Amino acid sequence: MVAATLASDGFVVFPHDPAVRRWADAAFDVAHDVLKRPGERRHGGTWFVGVDALPNAPDGSIGNVPLHGAWMDHVPRPCRWHRAQLSVVFPGYPQQDPNETDAAHRYRVNRDAAHVDGLLPEGPARRRHLREPHSFVLGLPLDSVTASPLVVWPGSHRIIGAAFTRAFAGLDPAHMADVDVTDTYQSARRDVFAHCARQEIIAVPGQAILLHRHLLHGVSPWGDHTITTARMMAYFRPIGAMKNWLN
C-alpha cells in the first residue's frame with residue numbers, strides 16, 4: 001500500500017506512531033536552544049533555515065531516543081544519518097528580504113517557493129545543478145501548529161522524473177552534476193503547475209511524511225493570523241548515489 005501510494009502520489013503521510021512521537025518530543029526539547037544560532041533567519045526573520053542544525057547522533061537518535069518508525073521499512077537506510085534540518089516558520093512568513101528580487105518573493109508567496117531538493121542555484125545567475133542526489137525526503141513534525149503547512153503537488157514526481165531522464169539521457173552519472181538543468185527544471189515546474197493539484201499536508205508529532213526525491217514541494221505562506229506560535233519541522237535528506245537519482 002505504501003509503495004503503491006509513493007508510486008502514484010509521490011508522498012505518504014504515516015499515521016501516529018509512538019516511536020516517532022518520542023523522537024519528535026526529544027527533538028522539540030532541544031529545538032529552542034538551536035534557534036539561538038545567529039544568522040539563520042531569512043525572509044524578514046520569519047523562517048529559521050536550520051540546515052544540519054539538530055544535534056542528532058549518526059544513528060539518527062537524539063537525546064538517546066532512537067530514530068524509528070514504520071517509514072523505515074520503505075527507504076534505503078544510510079550508513080550514517082546526517083544532522084537533520086530544523087525548519088521553523090514564524091507568523092507572518094514570508095516577508096521580503098532586502099536582497100530578494102520581487103519575482104523571487106512573488107514566487108514564494110504565490111507558488112509556496114515550490115522546489116525539488118538537491119538542485120542548487122549557483123553563481124550570479126543562480127543556474128541550477130544537481131549537486132545533492134537525495135535518496136528521499138523525510139519530514140517529522142515537532143509541534144501541532146497548523147499554519148504555514150508543507151505543500152505538495154501529487155504526481156509531480158513523475159513529471160520531474162521524466163524531464164530529467166530526458167535531460168540526462170546517455171550521460172555518465174559522474175558528469176550529471178556538470179549539466180545546467182535550469183531550463184529543464186523551470187519547464188517541468190510549469191508542467192506540474194498546469195497538471196497537478198496543489199495539496200497542503202497537515203501533520204502532527206508522531207506522524208511522518210515521506211516524500212519521493214523528485215516531488216515538487218514547498219511551504220505555504222502563514223495564513224492564520226490567530227496562531228502566534230512558530231511551526232517546527234525536522235527534515236532528513238540522505239544523499240545517495242548519483243546513478244540512482246533517476247531510478
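The following refers to the structure shown. (Residues numbered from 1 in each chain as written. Predicted model: local features only at pLDDT ≥ 70, side-chain atom pairs only at ≥ 80, totals over all residues. Heavy atoms only, no water.)

1. A look at the pairing of strand β7 (residues 137–141)
Then step 1. Burial of β7 is extensive: five of the five residues sit out of reach of the surface.
Then step 2. Alternating positions in β7 separate into two faces, Val137, Gly139 and Pro141 on one and Leu138 and Leu140 on the other, with burial throughout.
Then step 3. The pairing of β7 with strand β10 (residues 208–211) spans three bridges and is classified as antiparallel. What sits directly across from Leu138, in β10, is Leu210.
Then step 4. Across four bridges, β7 lies against strand β12 (residues 231–236) in antiparallel orientation. Bridge pairing links Pro141 to Met233 in β12. (Buried < 20%, exposed > 50% of the residue type's maximum accessible area, 1.4 Å probe, protein only. Helix = DSSP H or I, 4+ residues; strand = E, 2+ residues; numbered from the N terminus. Pairing = 2+ DSSP bridges.)

2. Concerning the pattern of salt bridges
Then step 1. Enumeration over the complete set of coordinates arrives at 11 salt bridges.
Then step 2. The shortest N-O distance in the salt bridge between Arg108 and Glu100 comes to 3.7 Å. In this structure, Arg108 and Glu100 share a single accessibility class: buried.
Then step 3. We note a salt bridge from Arg237 to Asp117, for which the minimum N-O separation is 2.7 Å. With Arg237 in the segment after β12 and Asp117 in the loop between α3 (102–110) and β5 (119–122), this pair connects stretches of sequence that are 120 residues apart.
Then step 4. Classification of Arg237 by relative accessible area gives buried; the value is 18%.
Then step 5. Exposure remark for Asp117: the relative accessible area of 9% places this residue in the buried category.
Then step 6. Linked through salt bridges whose partners overlap, the residues forming this network are Asp112, Arg198 and Glu200. (Salt bridge = Lys/Arg side-chain N within 4 Å of Asp/Glu carboxyl O.)

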